[in-house]
Amino acid sequence: MYWVTPRHLAGDDGALAERIGDLLTGMGWRLWPTARQTLLYVSPDELRGAEWILASYPFELGGLPVAWQLSARPHSASALTEWNAYFTTGVAHEALADFLIALDTRDVPDTGFGEPETVLAALVAQGWMRDVDRPTTTATDPGFASSVSLEELPPLIQDADPRPDLVGWQAWAEPVLGAPYLWCASFSASVPHDLVAVFAASLASPVPVPRRTLPEGGQERLTVVHRD
């Protein structure tokens, strides 16, 4: 067992499905296997959903398959979600868990609070730097390996807002310039900024995380704090 930092390059330890699934069932979310070979978790109030969709391979972000899709709806009877967030394999499960805990505990999951600055402030507080050319929309870690940025939405990102040219928060890790991404995340336009800020703050946290396996491509940029 290694304890490593930074978290945004630590990978998912090959346990992204299990760790998040255990968290959701522990919070009382119900689980259904679907005909598409996915696992659908729904909160007790039926306003929040999380689906492990890796087996159905719906689409990619940055060349990586999407693994988790999170969503919120305004009413339990609503057939359409208000917003969606997508995460590929390789993302630190601690950051995704903190996002889900924040989503689970808020009374109204589909209404936003705060401004975009909330996300950037959370990152800067952890030592990340604002982009010189886009200081109001983008922040990068000190090692220039990961970024969180307010960008035009990639294809297939679903949101209740039908307007074209919407922007949403995008996050990614590229440990080696020009090499494959370690992970990617995409938040649709209506995801509350304060929820994205929780994910960002956890992602940038300097607190070491335990890993049994270290991700390829990012090992040289990780610091092993100690080994059990």
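Here, the structure is the one placed above.
Read on for a plain summary of the structure. Note that this is a predicted model, so its numbers are computed, not measured.

## Points about the overall build of the protein
Alright, step 1. From N to C terminus, the protein includes 4 helices and 14 strands.
Alright, step 2. Its C-alpha atoms give the protein a radius of gyration of 17 Å, near enough to 17 Å, the size a compact globule of 228 residues would have.
Alright, step 3. For the protein, the spread of C-alpha atoms along the principal axes amounts to about 50 × 40 × 30 Å.
Alright, step 4. The proportion of buried residues among the 228 residues of the protein is 49%.
Alright, step 5. Sequence-distant contacts, at least 24 apart, represent 59% of the contacts inside the protein between residues at least 6 apart.
Alright, step 6. Within the structure as shown, the protein displays about 10,600 Å² of accessible surface, and the carbon and sulfur contribution to it stands at 56%.

## A closer look at the sheet that holds strand β1 (residues 2–5)
Alright, step 1. Ordered in space as β13-β1-β14, the 3 strands form an open sheet in which the pairing is antiparallel. The open sheet has two edge strands, β13 (209–211) and β14 (223–227), and neither has a second partner. Each strand axis lies, on average, 40° off the axis of its neighbour in the sheet, ignoring direction.
Alright, step 2. Sheet topology note: the β1/β14 ladder contains 4 bridges and is antiparallel. In the strand pairing of β14, W3 is matched with H226.

## Points about the pattern of salt bridges
Once the charged atoms of two side chains with opposite charge are near each other, the side chains can pair.
Alright, step 1. Under the criterion given, the structure shown has 8 salt bridges.
Alright, step 2. Note that R36 and E51 form a salt bridge whose closest N and O atoms lie 2.6 Å from each other. Highlighted residues: R36 in the loop between β2 (30–33) and β3 (39–42) and E51 in strand β4 (residues 48–52), separated in sequence by 15 residues.
Alright, step 3. Salt-bridge contacts for R163 lead to D161; the nearest nitrogen and oxygen are separated by 2.6 Å.

## Observations regarding the packing of aromatic side chains
Alright, step 1. Tallied over the full model, the rule gives 10 aromatic pairs.
Alright, step 2. Centroid distance F59 to Y86: 5.4 Å. Interplanar angle 65°. Geometry classified as edge-to-face. In this pair, F59 sits in the loop between β4 and β5 (60–61) while Y86 sits in strand β7 (residues 83–88), placing the two residues 27 residues apart along the sequence.
Alright, step 3. With relative accessibility at 1%, the residue Y86 sits in the buried group.
Alright, step 4. Their ring planes at 85° and their centres at 5.5 Å tell us that F87 and F187 sit as a pair that is edge-to-face.

## Remarks on helix α3 (residues 117–124)
Alright, step 1. Turning to α3, its buried residues are V119, L120, A122 and L123. In an axial view of α3, the angular spread of the buried residues amounts to 155°, which keeps them on one side of the axis.
Alright, step 2. If you follow the buried residues of α3, they end up packed against β8 (129–130), β9 (138–140), β10 (146–152), β11 (167–173) and α4 (193–203).

Reading the values: rules and limits
Residues numbered from 1 in each chain as written. Predicted model: local features only at pLDDT ≥ 70, side-chain atom pairs only at ≥ 80, totals over all residues. Heavy atoms only, no water. Helix = DSSP H or I, 4+ residues; strand = E, 2+ residues; numbered from the N terminus. Rg over C-alpha atoms; globule rule 2.2 N^0.38 Å. Buried < 20%, exposed > 50% of the residue type's maximum accessible area, 1.4 Å probe, protein only. Contact = heavy atoms within 4.5 Å. Areas by Shrake-Rupley, 256 points an atom, 1.4 Å probe, with all protein chains shown as cover. Pairing = 2+ DSSP bridges. Axes fitted to C-alpha atoms, helices over the stretch in contact; angles between N-to-C directions. Salt bridge = Lys/Arg side-chain N within 4 Å of Asp/Glu carboxyl O. Phe/Tyr/Trp six-rings, centres within 6.5 Å; stacked < 30°, edge-to-face > 60°. Arc of directions from axis to C-beta.

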